[in-house]
Amino acid sequence: MTEPTANSRRESDSTPSPKSPPLESLLHDAAARGLHYLNDLDRRSVWPGPAALQELNRFEANIPESGTDPLEVLRQLDEVGSPATVASAAGRYFGFVIGSALPVTVGASWIAGAWNQNAGLFTTSPVAARLEQVALRWTQELLGLPPGSEGSFVTGATMANFTALAAARHAVLRAVDWDVEEQGLAGAPPVTVVAGEEAHSTLIKALSILGLGRGRVVRVPTDGQGRMKADALPRLSGPTIVCVQAGSVNTGAFDPIGEISRRAHEAGAWVHVDGAFGLWAAVAPARRHLTEGADRADSWATDGHKWLNVPYDSGMVFVRNPDDLRAAMSIGSPAYLAQSDQREPSHFTPELSRRARGVETWAAIRTLGRAGLADLVERTCQYATRFAGRLRTAGYEILNEVELNQVLVSFGDAETTAKVISGVQADGTCWCGGTRWRGRSAMRVSVSSWATTSDDVDRSIEAILRVAAQVRRG
């Protein structure tokens, strides 16, 4: 018997919708609108204007009683939604360490969306499971992590930190004969968590979700660039997790991971690396020294949707001892979940049902290769250096040592700096965010996108200097 096609199934449906266009027309329309959006990005303001934001009110409507033509739904999404997006996929967005999406990863995401695979089990998607396994192995090798480490895909660095720290919690409590997965935390030996003063807020959030407590974290002093001082580590004993940072979100600085790992391991502590974007410095020969010692840690968290430039959401976690990750994450073997002799993704991640995140990462690495990834990281770091040099030459103070892709610039006092930041954002040529560093207000420039060109950098610098001059004139 011949398997019916998608079109024939629709034609034979007992209750066909007169408003449903053919599948091909619908998806071609969506693709055409997506292409138009991407091709038009360079001509748009990076931040949506007031009119576009006002138009979002058109989405506020009652639930339709009889449904809407799908082509009309796509039209409204595009015509109302597209103008109100932030052009973070373009080359002049420098906020929040947000990468763009390589064209091949957009295409891969579209294909994965058509597949609509549940990536939780090999049984529910052999292709998702295999691509994820390959993409994780490639990433592990690129980042210089120990062979034999196990990993998984999660939503982002918050969940990557959560997952790694759950494995850490398991391991340090198991070492004192406490099964936290079975017995919980009530009555458990206390776990000490040590982190630098500049630890990222998502790491602290993950600790709180795990029941390890925000307020119980022992903070270690940092130097002028936010690097944890290894000689300031407290005396470590008992179940302990030490959290270090590869790439400060403000300065780009790296903790001395190797030295901290040595001291921590001498005391039997677990070392976790929060490397949301900084770990990717390992792929560029000129920046690799910054990650020295990262391979000595026990777990690592990173993102693909930052420097790897794959679509949201694509976080990754790696743990040196696969058994620790599996013990913390495995859901067991319910009778209704068919188990295979293949690697089961759900044994290494908090989620069971989830999208096939590994598809885009596989496509990005397969397309760029080692050389392309090295160029992407090195080029964006050099653009950051150009930003710093031009702004410093113009008389503005650069507050950090620009070793990576992060630049902190002060335009004077807090009020003046705030006015420049808001003026640049309103100008629309580029977008940079604000921050505070060592008690001072600063503009933060984060260069993370494959789409950024030399011309984008020059146009953005000119816009920043123009706005700064206007603010000075009052």
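This structure is a prediction, so every number in the text was calculated from the model and none was measured.

Considering the overall build of the chain
Here's step 1: What the chain contains, in helices and strands, is 14 helices and eleven strands.
Here's step 2: Against the compact-globule benchmark of 23 Å for 474 residues, the chain has a radius of gyration of 24 Å, which places it among compact chains.
Here's step 3: Among the 474 residues that make up the chain, the fraction classed as buried is 50%.
Here's step 4: Residue pairs in contact within the chain that sit at least 24 positions apart in sequence constitute 72% of those at least 6 positions apart.
Here's step 5: Surface accessibility of the chain: about 21,200 Å² in total, with carbon and sulfur atoms responsible for 53%.
Here's step 6: A gap of 5 Å separates the mean positions of the 47 positive and 52 negative side-chain charges of the chain.

Section: the nonpolar core
Here's step 1: Membership of the largest hydrophobic core comes to 45 residues, with the highest contact counts inside it found for Val242, Val244, Val273, Trp280 and Leu404.
Here's step 2: Listed by contribution, the elements that provide at least two residues to this core are helix 6 (126-142), strand 4 (240-245), helix 10 (257-266), strand 5 (270-274), strand 7 (315-319) and helix 12 (358-393).
Here's step 3: With five residues, the top contributor of residues to this core is helix 12.
Here's step 4: Other than its neighbours up to four places away in sequence, Val244 contacts Met228, Asp255, Ile257, Ile260, Val271, His272, Val273 and Asp274.
Here's step 5: In this structure, Val172, Ala206, Leu207 and Leu210 belong to the second largest nonpolar core, which totals 30 residues.

Regarding the packing of helix 7 (residues 157-174) against helix 11 (residues 322-329)
Here's step 1: Contact geometry for helix 7 and helix 11: axes closest at 8 Å, N-to-C directions at 105°. Taken together, helix 7 and helix 11 sit at an angle that is classed as roughly perpendicular. Residues Thr163, Ala166, Ala167, His170, Ala171 and Arg174 of helix 7 form the contact with helix 11, whose own contacting residues are Asp324, Leu325, Ala327, Ala328 and Met329.
Here's step 2: Looking at the contact of helix 7 with helix 11, its residues break down into seven nonpolar, two polar and two charged.

As for the side chain of Asn161
Here's step 1: For Asn161, the location among the structural elements is in helix 7.
Here's step 2: Sequence-distant contacts of Asn161, that is, excluding residues within four places in its chain, are made with Thr202, Leu203, Ala206, His272, Asp274 and Ala301.

What about unusual backbone geometry?
Here's step 1: Of the consecutive residues Tyr312 and Asp313, the connecting peptide bond is found in the cis state with omega at -5°.
Here's step 2: One non-glycine residue with positive phi stands out, namely Asn116, at about 50°.
Here's step 3: Within the element layout of this structure, Asn116 appears in the loop between helix 5 (103-115) and helix 6.
Here's step 4: Under the relative-accessibility criterion, Asn116 is labelled exposed at 65%.

Description of the packing of helix 13 (residues 414-427) against helix 14 (residues 454-473)
Each pair of packed helices can be described by the angle between their axes along with the distance between the axes.
Here's step 1: For the pair helix 13 and helix 14, the least separation of the axes is 9 Å and the interaxial angle reads 130°. With respect to each other, helix 13 and helix 14 are oriented oblique. Once helix 13 is placed against helix 14, the crossing between them reads as right-handed. Where helix 13 abuts helix 14, its residues Thr416, Lys419, Val420, Gly423, Val424 and Asp427 lie against Ala463, Ile464, Arg466, Val467, Ala468 and Val471.
Here's step 2: Here the contact of helix 13 with helix 14 is composed, by residue class, of seven nonpolar, two polar and three charged.

Examining the confidence of the model for the chain
Here's step 1: Per-residue confidence for the chain gives a mean pLDDT of 94, with 94% of residues at or over 70.
Here's step 2: Overall, residues 1-16 carries pLDDT values under 50, and its contacts beyond four positions in sequence, including any with other chains, amount to nine contacts.

A look at the sheet that holds strand 10 (residues 433-437)
Here's step 1: Sheet architecture is open: four strands sit in the order 8-9-11-10, paired in antiparallel fashion. The strands lining the two open edges of the sheet, one partner per strand, are strand 8 (397-398) and strand 10.
Here's step 2: Strand direction decides the pairing type here: strand 10 and strand 11 (residues 440-446), joined by five bridges, are antiparallel. Following the sheet pairing, Gly433 is matched in strand 11 by Arg444.

Describing the packing of aromatic side chains
Here's step 1: By the definition in use, this model includes six aromatic pairs.
Here's step 2: Arranged with centres 4.9 Å apart and planes meeting at 55°, the rings of Tyr396 and Phe411 form a pair that is tilted. With a gap of 15 residues between them, Tyr396 in the loop between helix 12 and strand 8 and Phe411 in the loop between strand 9 (406-410) and helix 13 connect regions that are remote in the sequence.
Here's step 3: Owing to a relative accessible area of 7%, Tyr396 belongs among the buried residues under this scheme.
Here's step 4: Exposure remark for Phe411: the relative accessible area of 7% places this residue in the buried category.
Here's step 5: Ring pairs connect the aromatic residues Tyr93, Phe96 and Trp431, which therefore count as one cluster.
Here's step 6: A cation sits over an aromatic face here: Arg438 above Trp437, 4.6 Å from the ring centre.

A look at helix 10
Here's step 1: Those residues of helix 10 that fall on the buried side of the exposure criterion are Ile257, Gly258, Ile260, Ser261 and Ala264. An end-on view of helix 10 places all buried positions within 160° of arc, on one side of the element.
Here's step 2: Residues of helix 10 that are buried in the fold lie against strand 4 and strand 5.
Here's step 3: Gly268, located one to two residues past helix 10, shows a positive phi value of around 80°.

Quick notes on the rules
- Residues numbered from 1 in each chain as written.
- Predicted model: local features only at pLDDT ≥ 70, side-chain atom pairs only at ≥ 80, totals over all residues.
- Heavy atoms only, no water.
- Helix = DSSP H or I, 4+ residues; strand = E, 2+ residues; numbered from the N terminus.
- Rg over C-alpha atoms; globule rule 2.2 N^0.38 Å.
- Buried < 20%, exposed > 50% of the residue type's maximum accessible area, 1.4 Å probe, protein only.
- Contact = heavy atoms within 4.5 Å.
- Areas by Shrake-Rupley, 256 points an atom, 1.4 Å probe, with all protein chains shown as cover.
- Lys, Arg positive; Asp, Glu negative; His and termini not counted.
- Charge placed at Lys NZ, Arg CZ, Asp CG, Glu CD.
- Core = buried A, V, L, I, M, F, W, Y, C linked by side-chain atoms within 4.5 Å.
- Axes fitted to C-alpha atoms, helices over the stretch in contact; angles between N-to-C directions.
- Parallel < 35°, antiparallel > 145°, perpendicular 65-115°, else oblique.
- Nonpolar A, V, L, I, M, F, W, Y, C, P; charged D, E, K, R; others polar.
- Left-handed = near helix turned anticlockwise from the far one by under 90°.
- pLDDT = per-residue confidence, 0-100.
- Pairing = 2+ DSSP bridges.
- Phe/Tyr/Trp six-rings, centres within 6.5 Å; stacked < 30°, edge-to-face > 60°.
- Lys NZ or Arg CZ within 6 Å of the ring centre and 35° of its normal.
- Arc of directions from axis to C-beta.

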